[in-house]
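Commentary on secondary and tertiary structure
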Amino acid sequence: MEPLKISKYPNGILRKKCASVERVADSERKLFEEMLFAMRHFAGIGLAAPQIGIARNLIVADIGEGAVRLANPAIVETKGSGKMEEGCLSVPGVGVVIDRPEEIVVKGLNEKGRVVEWKARGLLARVLQHEIDHLNGRLIVDYLNLLERLRLRLHPRKGRRADAHL
Ligand SMILES: [Zn+2]
């Protein structure tokens, strides 16, 4: 499999509100696998469809506990909060410390098209929230304040390198 190209900031596809997936069929299952392949190839731990140029509600993740594939993911419950520096395959060379809920309940369709509801905490909860942000056209740079964003625009290479790419 040829690894897909990753859409990079400021590519407009990353700002689109993605479309709902009506049914998870073979074409969606194929996309999940291509996304997982690209994610692993580029050493990421999560990927959303717009990052490979497809504005549809599909995400994948793998933090080392097995692959997660979700269509139309939605957060239905949150608990606690915590800060962590996040990187993004679509925003290379930039790390942003983001405050997010520590625990979430996420609902969506799995690769078989069945409705699933999962509880996630820690790193997996964070990755899922980051990928769901992508489906809403939201990027890590949106969490920076105005001054930080300006600095990033003037000195793009000065961004810190994050440990986890999502
Ligand atoms: Zn990302």
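Above this note sits the structure.
If you're wondering where the values come from, they're calculated on a predicted model, not measured in any experiment.

Looking only at helices and strands, the protein chain has three helices and seven strands in total. Each helix (α) and strand (β) of the protein chain, taken in turn from the N terminus, gives the series α-β-β-β-β-β-β-β-α-α. For 166 residues, the compact-globule formula gives about 15 Å, and the C-alpha radius of gyration of the protein chain, at 15 Å, lands near that figure. Principal axes of the C-alpha set define a box for the protein chain whose edges measure 45 × 40 × 30 Å. Put simply, the protein chain has 166 residues, and 49% of those count as buried. Accessible surface, the protein chain as shown: approximately 8,900 Å² in total, 50% of it carbon and sulfur.

Looking now at the sheet that holds strand β7 (residues 115–121). Pairing is antiparallel across the open sheet formed by five strands, whose spatial order is β1-β2-β3-β6-β7. With one partner strand each, in any of the chains shown, β1 (46–48) and β7 form the two edges of the open sheet. Averaged over all adjacent pairs, the angle separating strand axes in this sheet is 40°, with direction ignored. Bridge count for strand β6 (residues 103–109) against β7 is seven bridges, and the pairing is antiparallel.

Counting 19 residues, the largest nonpolar core has I59 and L128 as the members making the most contacts within it. Listing elements by their share of this core, those giving two or more residues are β2 (58–61), β3 (68–79), β6, β7 and α2 (122–135). Counting residues per element, this core draws most heavily on α2, at six residues. Those residues in contact with L128 that sit more than four places away from it in its chain are I59, A61, V68, I104, V106 and A120. If you look at the next biggest cluster of nonpolar residues, it comprises 17 residues, including V24, L36, A38 and A49.

How each quantity is defined
Residues numbered from 1 in each chain as written. Predicted model: local features only at pLDDT ≥ 70, side-chain atom pairs only at ≥ 80, totals over all residues. Heavy atoms only, no water. Helix = DSSP H or I, 4+ residues; strand = E, 2+ residues; numbered from the N terminus. Rg over C-alpha atoms; globule rule 2.2 N^0.38 Å. Buried < 20%, exposed > 50% of the residue type's maximum accessible area, 1.4 Å probe, protein only. Areas by Shrake-Rupley, 256 points an atom, 1.4 Å probe, with all protein chains shown as cover. Pairing = 2+ DSSP bridges. Axes fitted to C-alpha atoms, helices over the stretch in contact; angles between N-to-C directions. Core = buried A, V, L, I, M, F, W, Y, C linked by side-chain atoms within 4.5 Å. Contact = heavy atoms within 4.5 Å.

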